[in-house]
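Structural description and commentary
Here's the letter readout for the chains.
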Amino acid sequence: MTEHQSSHLTAEIIDEAIRELHSIHDWLRWSVSQFNKAHIYFGHGTDNPWDEAALLLAHSLDMARITENLLPLRVTRSEARVFCDLLLQRVEQRIPAAYLTQQAFFCGLSFYVDERVLVPRSPIGELITKGFQPWFQAQQPTRILDLCTGSGCIAIACAKQFPDAEVDALDISEEALDVAIFNIEQHELEHQVFPMLSDGYNAIKGQTYDLIVTNPPYVDAEDMADLPDEYHHEPELGLASGHDGLELTRRILSEAAEHLNDGGWLICEVGNSMIALQELYPDLPLEWLEFERGGLGVFAINKADLVKHQDSFEA
C-alpha cells in the first residue's frame, strides 16, 4: 500500500461509526468525509464523493439507488458492516465503485462490469441517445459496427436506439467479449447484436456498415505512467495505445473506408490524444464534437473524406 493510500479507516473508527451512525443520511455524510480524507480519484461513473458513496450504499442495501425520501431511514448494523467493507476496498485498494458493485450505467442502461473490461463512461453515449444527429436524419443506420466493444455497452445502446439495425460488436480480448456476451444476453439482444473476436477489422472482411462507432485504446505512454491508481484496475489492453496513443486509431482510420457504405460515418474517441491526431493528419477534415454533459476528443468523419485522404494514412 502506497503512502497516500495508507488507511485512516481503522477498526476503531469503523466500530465507532457503526455505534454512532444510524440513518442513510448519516452514513453518506460520514462516507464523503472518509473519501475526502483519502483523496480518492473519481472518474469511473461518478465525479464526486457523495454519488460514489451513494452507489456503494445502495448496493449494500440491495436498492436500485438512494433517493432523497430514503435519507432518514435507518441502516442496520449488519448492513453497515457490508457497506464498510466496500468502503475499505474503495479507499485502501482504490477499486472503482463500478467494480465493487459489478454494475455500471450507460445511456440509462445497466451493465455488468468487472476487471476484464473498462468501466463504461464514453461521451459517445450522448450521441447515441440523440440518434447520431445530424448525421442520420432522413434515414437511420441499419448496419452498425462497434469496434473495441469491451463490455458491449455501445453496441447494446445502439441496438436499443435503433431497433431495426444489426450491430456487430468486435473485440480482440476473449475475456472482454465474454462480458459483452453476458450483457447482450441480459438485454435479450442476441438476435440483434453479434459479438466477434477480432483484431481490428480482421473478422469482418468484405462487410460494410452505415456507421462505425469506436472507443479504442488511446492513452499514450506518458499518460499511462501518470494515471491515478483507480485506472490500474482496468485492463491495460483497453487503455494503452503506443507512445502517442494513436497506434490503433491510425489503423482504424486507414481501413475504415473499405468497411463503410456510401454516405457512411466513422465516430471515434481519442480523448487527450486528439492533439497528436491533429498534428499527425493536419489536412484531414475531422469534425470534433462538443457535448452537453462534458467530454472531449471524439471526432466524426464520412466515407468520402476518408477516401479522399487515403494516401495520408499510408504515408
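Residues numbered from 1 in each chain as written. Predicted model: local features only at pLDDT ≥ 70, side-chain atom pairs only at ≥ 80, totals over all residues. Heavy atoms only, no water.

Turning our attention to the pairing of strand β6 (residues 209–214). Counting buried residues along β6, 6 of its 6 residues qualify, which places the element largely inside the surrounding structure. The pairing of strand β3 (residues 143–147) with β6 spans 4 bridges and is parallel. Bridge pairing in β6 links Asp 146 to Val 213. Note: β6 against strand β7 (residues 260–269), 5 bridges, orientation parallel. When the sheet's bridge partners are listed, Ile 212 is paired in β7 with Leu 266. (Buried < 20%, exposed > 50% of the residue type's maximum accessible area, 1.4 Å probe, protein only. Helix = DSSP H or I, 4+ residues; strand = E, 2+ residues; numbered from the N terminus. Pairing = 2+ DSSP bridges.)

Feature annotation in UniProt places "domain: Methyltransferase small" (unreviewed entry) on residues 137–223, given in this structure's numbering. When the span residues 137–223 is considered, its composition is 29% helix and 25% strand, and the gap between its end C-alpha atoms is 38 Å. (UniProt positions renumbered as here; feature names shortened; annotations may be inferred.)

Going from Gln 133 to Pro 134, the amide bond is cis rather than trans, its omega being 10°. Among the structural elements, Pro 134 can be located in the loop between α6 (124–129) and β3. Although it is not a glycine, Arg 94 sits at a positive phi angle of roughly 60°. Located in the positive-phi region is Cys 107, a residue other than glycine, with phi close to 55°.

Taking 1.5 Å as the rise per residue, helix α3 (residues 49–60) with 12 residues should run 16 Å; its terminal C-alpha atoms sit 16 Å apart, in good agreement. Where α3 is concerned, the buried positions are Pro 49, Glu 52, Ala 53, Ala 54, Leu 56, Leu 57, Ala 58 and Ser 60. Buried-residue contacts for α3 involve α2 (24–38), α4 (77–92) and α5 (97–101). The N-cap residue of α3 is Asn 48: its side-chain oxygen and the backbone nitrogen of Trp 50 are 3.2 Å apart. Looking one or two residues past α3, Asp 62 carries a phi angle of roughly 60°, positive in sign. (Expected span 1.5 Å × (residues − 1). Contact = heavy atoms within 4.5 Å. Polar contact = N/O pair within 3.5 Å; in protein donor to acceptor, adjacent residues only side chain to side chain.)

Before going further, it helps to spend a moment on the packing of aromatic side chains. All told, the structure shown has 9 aromatic pairs when counted by the stated rule. Centroid distance Trp 27 to Trp 30: 5.3 Å. Interplanar angle 85°. Geometry classified as edge-to-face. Placement of the pair is Trp 27 and Trp 30 together in helix α2, with a separation of 3 residues, close to one helical turn. Grouping residues by exposure puts Trp 27 and Trp 30 together as buried. (Phe/Tyr/Trp six-rings, centres within 6.5 Å; stacked < 30°, edge-to-face > 60°.)

A few words now on α2. Between its first and last C-alpha, α2 extends 21 Å over 15 residues, near the 21 Å set by a 1.5 Å rise per residue. If you follow the buried residues of α2, they end up packed against α1 (11–20), α3 and α4. Positive phi appears at His 39, one or two residues downstream of α2, with a value of about 55°.

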